[in-house]
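# Secondary and tertiary structure notes
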Amino acid sequence: MTFRAATISGLPAGVQLLAPVPEAARSILSPAALHFVATLHRTFNPTRTQLLLARQLRQQRLDAGELPDFLPATKPIRDNSEWKGAVPAPGLVDRRVEITGPVDRKMVINALNAGAQTFMADFEDSTAPTWENLVVGQANLRDAVARTIAYTGPNGKEYKLRSDGKLATLLVRPRGWHMDEKHLLIDGAPCSASIFDFGLYFFHNAWKTVEIGHGPYFYLPKMESHLEARLWNDIFNFGQDWISMPRGTIRGTVLIETLLAAYEMDEIIYELRQHSSGLNCGRWDYIFSYIKKLRSHPQFVLPGRADVGMTTPFMDAYVRLLIQTCHKRGVHAMGGMAAQIPIKGNAEANAAAMVKVRADKLREVRAGHDGTWVAHPDLVPVARGVFDEHMPGPHQMHIRREDVSVTAAQLVDPTCKGEIDEQSVRTNINIALQYTEAWLRGSGCVPIHNLMEDAATAEISRSQLWQWVRHSVVLKDGQAVTPQLVNALLDDEVNLLAAQWGADKAARSKLPLAKQYLHAMIQGRDFPDFITTLCYDAITSASPAGKAKL
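This part covers the overall build of the protein chain. A tally of helices and strands in the protein chain yields 17 helices and 17 strands. For the protein chain, the C-alpha radius of gyration of 23 Å lies close to 24 Å, the compact-globule estimate for 550 residues. Here the C-alpha coordinates of the protein chain stretch approximately 65 × 60 × 50 Å along the principal axes. By residue count, 59% of the 550 residues in the protein chain fall in the buried class. Restricting to contacts in the protein chain with at least 6 residues of sequence separation, those with at least 24 account for 78%. Total accessible area on the protein chain is roughly 21,000 Å²; 53% of this is exposed by carbon and sulfur atoms.

This is the structure in structure tokens:
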């Protein structure tokens, strides 16, 4: 997509924009909004930096043999049954079906119209963080909140919000603490991506969301400790004070999608108390985090990703503990995403996929979840049908799960039935390769093999490859997984994709660059923390020549 660039004048002192500003986003990047973002960054980035360092130090201890455990220092918080999270906010009482997706204009309209209770607009795993995606995405959300959003597709089809008032409540997921926004410099250094995404959305939309009967609501990703939740809470308070909004108007649902956060769920809710709207089982990132955090130890090697499901012991333990914890504290316990999507042109395959979706949602509602995620509008009635049948009320907080007792060891139980063969290796290579190639072209949410892949699911594939190489896993046929083997299979999969795509598409693709990045990620040596941070520089448009004029 091409866009006309706008010039932003009167930038706050110490603020630099290193990319052209799309005309649609000119008002988003106003001096007042950038002043707010810069103030947030200057106030809270030192703490963020310290917390990211703490992550590295914790990983060193895990690599040395320490295993995760519940924190002795916060035992009084866990043991005190009196404190609660916030009561459900307007528009967040019934969350039985939440649809998620990127922030492009068509997706935002379709998701708000889909019949789900809420829509999580995602700046994180399903959005490749190109400058255009981010700032035009902010403009799209502003128009959505204002109820003025509309879109005309290349084929002339018009999209607009439904007029019957049955629009989903909007929640926004900013990027995680680990990411920078290199197109915006604050005092010569990149802005925190989390603060950039949160700050712009909150500044432009906080009061308007209240006016339409909801509030500024967020999903908070990839946290590893309650101290990271405390930082979000401090930012929430600061932002509300800045615009004279009562504290507690903001709500944040935390994705429990890292292994370490599972040991601090009570503490995370406690830190966010008046802003907490519950926890969500971010299942795909959680599997990735399990591999990542325990990567140095061969006893935690997992079989192929298709064999690691929600009934795998460590996953089942985490789900049970999350539901128990949330309901004890009076907040929502949200289920996760089924990877299946509708399959067009193959009725039999589509029916089989829908059976899997229904089974997944049935497991969730019977376990006590208060709602679930879907990635496609056509799955909303499927998920809603299951929850409507088995959850007559707006939620299931009355299901206390007092039968649950989860130990620290159960959360890392490596028992998992399955095996690893050459096809397991090839499948992981193919998925990671195709996703990385699409991400480098600016697409963060990609259907591959009739499953919806985003950064989280691609992370599982590449981290498993690293793990299998690192520990010289022996395949079903007796081959050892070595750098030589995965490199040969990588070459083969690249050639197969190029042939499948045809010469023209392959020539226009980012396949060679994707191969280069994937090669670096699967050698079993250094472990890049995230695909998105490793590849980020390849999709930035930041350059001194692109600086906005003062």
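With that settled, the discussion passes to the pattern of salt bridges. Under the defined criterion, the tally for this structure stands at 47 salt bridges. Arg 55 is paired through a salt bridge with Glu 224; the nearest N and O atoms lie 4.0 Å apart. With Arg 55 in helix α1 (residues 31–63) and Glu 224 in the loop between β11 (217–220) and α6 (226–242), the pair connects residues that are 169 residues apart, well separated along the chain. One exposure class covers both Arg 55 and Glu 224, and it is buried. Measuring nitrogen to oxygen at the nearest pair gives 2.9 Å for the salt bridge that ties Arg 305 to Glu 453. With Arg 305 in the loop between α8 (283–293) and α9 (313–328) and Glu 453 in strand β17 (residues 451–453), this residue pair connects regions lying 148 residues apart in the sequence. Grouping residues by exposure puts Arg 305 and Glu 453 together as buried. One continuous salt-bridge network, built from bridges that share partners, spans Asp 122, Glu 124, Asp 125, Arg 173, Lys 222 and Asp 285.

For helix α12 (residues 422–440), which comprises 19 residues, the first-to-last C-alpha distance of 27 Å matches the rise-based estimate of 27 Å (1.5 Å per residue) to within 8%. Of all the 19 residues making up α12, 16 are buried; the element is thus mostly covered by neighbouring parts of the structure. Two to three positions downstream of the cap, the backbone nitrogen of Gln 423 sits 3.2 Å from a side-chain oxygen, assigning the N-cap of α12 to Asp 421. Gly 442 lies just past α12 and shows a positive phi near 100 degrees.

What follows deals with the packing of helix α4 (residues 131–145) against helix α5 (residues 193–211). Relative to each other, α4 and α5 sit at 10 degrees, their axes nearing to 9 Å. With respect to α5, the axis of α4 lies roughly parallel. Residues Trp 131, Leu 134, Val 135, Gln 138, Leu 141, Arg 142 and Val 145 of α4 form the contact with α5, whose participating residues are Phe 196, Asp 197, Leu 200, Tyr 201, Asn 205, Lys 208 and Thr 209.

Across soluble globular proteins, nonpolar side chains have a tendency to be buried as a group. If you look at the biggest cluster of nonpolar residues, it comprises 121 residues, and the most contacted ones within it are Phe 119 and Ile 256. Every residue in contact with Ile 256, bar those within four places of it in the chain, is listed here: Ala 261, Ala 262, Met 265, Ile 268, Leu 279, Asn 280, Cys 281, Gly 282, Tyr 286, Tyr 318 and Leu 322. Counting 38 residues, the second-largest nonpolar core is a separate cluster that includes Val 425, Ala 432, Leu 511 and Cys 535.

Time to look at the pairing of β11. Along β11, one buried face is formed by Tyr 217 and Tyr 219 and the opposite face, lined by Phe 218 and Leu 220, is buried too. Relative to strand β12 (residues 251–256), β11 runs parallel, the two being bridged by four bridges. Following the sheet pairing, Tyr 217 is matched in β12 by Arg 251.

Attention shifts here to the side chain of His 226. Counting through the fold element by element, His 226 comes out in helix α6. Excluding residues within four positions of it along the chain, His 226 makes contact with Leu 71, Thr 74, Glu 264, Glu 267, Ile 268 and Glu 271.

So, on to the side chain of Asp 197. Within the element layout of this structure, Asp 197 appears in helix α5. For Asp 197, a relative accessible area of 1% gives the class buried.

Another point: the environment of Lys 328. Topologically, Lys 328 is positioned in helix α9. What makes Lys 328 partly exposed here is its relative accessible area of 27%. C-alpha of Lys 328 to C-alpha of Ile 399: the two residues are 71 residues apart in sequence and 9.1 Å apart in space. Among all residues touching Lys 328, those that are not within four sequence positions of it are Arg 78, Lys 84 and Asp 266.

We now examine α9. Here α9 contains 16 residues, and its C-alpha end-to-end distance of 23 Å stays within 8% of the 22 Å for a straight helix at 1.5 Å per residue. Among the 16 residues in α9, 13 count as buried, and that is most of the element. A positive phi of about 75 degrees marks Gly 330, the residue just after α9.

Our focus in this paragraph is the packing of α12 against helix α13 (residues 455–470). For the pair α12 and α13, interaxial distance at closest approach is 9 Å and the crossing angle is 135 degrees. Comparing the axis directions of α12 and α13 gives the class oblique. Helix-helix and strand crossings are classified by hand; for α12 and α13 the assignment is left-handed. Together, Ser 424, Val 425, Asn 428, Ile 429, Ile 431, Ala 432 and Tyr 435 of α12 and Ala 455, Ala 458, Ser 461, Arg 462, Gln 464, Leu 465 and Trp 468 of α13 make up the contact between the two elements. Residue classes in the contact of α12 with α13 are distributed as nine nonpolar, four polar and one charged.

Our focus in this paragraph is the packing of aromatic side chains. Tallied over the full model, the rule gives 24 aromatic pairs. Geometrically, the ring pair formed by Trp 131 and Phe 196 is tilted, given 5.9 Å between the ring centres and 40 degrees between the ring planes. Of this pair, Trp 131 sits in helix α4 while Phe 196 sits in helix α5, and the two are 65 residues apart along the sequence. Taking 5.7 Å as the distance between ring centres and 90 degrees as the angle between the ring planes, the aromatic pair formed by Tyr 201 and Phe 218 counts as edge-to-face. Here Phe 218 lies in strand β11 and Tyr 201 lies in helix α5, a separation of 17 residues in the sequence. Clustering of aromatic rings is evident, with ring pairs tying together Phe 36, Phe 44, Trp 177, Phe 198, Tyr 201, Phe 202, Phe 203, Phe 218, Trp 232, Phe 236, Phe 238 and Trp 242. Sitting over the ring of Phe 530, Lys 292 keeps its end group 3.7 Å from the ring centre. Cation over ring: Arg 329 sits above Trp 83, and NZ or CZ is 3.8 Å from the ring centre.

Glancing now at the sheet that holds strand β10 (residues 189–192). Sheet strands pair via backbone hydrogen bonds, and the direction of the pair is either parallel or antiparallel. The strand order across the open sheet formed by three strands is β2-β9-β10, and the pairing between neighbours is antiparallel. Two strands lie at the open edges of the sheet, namely β2 (15–17) and β10, each paired on one side alone. Across this sheet, the average inter-strand angle for adjacent strands is 55 degrees, counted without regard to direction. Where strand β9 (residues 180–186) meets β10, four bridges bridge the pair, whose relative direction is antiparallel. Bridged to Glu 181 within β10 is Cys 191.

Criteria and thresholds
- Residues numbered from 1 in each chain as written.
- Predicted model: local features only at pLDDT ≥ 70, side-chain atom pairs only at ≥ 80, totals over all residues.
- Heavy atoms only, no water.
- Helix = DSSP H or I, 4+ residues; strand = E, 2+ residues; numbered from the N terminus.
- Rg over C-alpha atoms; globule rule 2.2 N^0.38 Å.
- Buried < 20%, exposed > 50% of the residue type's maximum accessible area, 1.4 Å probe, protein only.
- Contact = heavy atoms within 4.5 Å.
- Areas by Shrake-Rupley, 256 points an atom, 1.4 Å probe, with all protein chains shown as cover.
- Salt bridge = Lys/Arg side-chain N within 4 Å of Asp/Glu carboxyl O.
- Expected span 1.5 Å × (residues − 1).
- Polar contact = N/O pair within 3.5 Å; in protein donor to acceptor, adjacent residues only side chain to side chain.
- Axes fitted to C-alpha atoms, helices over the stretch in contact; angles between N-to-C directions.
- Parallel < 35°, antiparallel > 145°, perpendicular 65-115°, else oblique.
- Core = buried A, V, L, I, M, F, W, Y, C linked by side-chain atoms within 4.5 Å.
- Pairing = 2+ DSSP bridges.
- Left-handed = near helix turned anticlockwise from the far one by under 90°.
- Nonpolar A, V, L, I, M, F, W, Y, C, P; charged D, E, K, R; others polar.
- Phe/Tyr/Trp six-rings, centres within 6.5 Å; stacked < 30°, edge-to-face > 60°.
- Lys NZ or Arg CZ within 6 Å of the ring centre and 35° of its normal.

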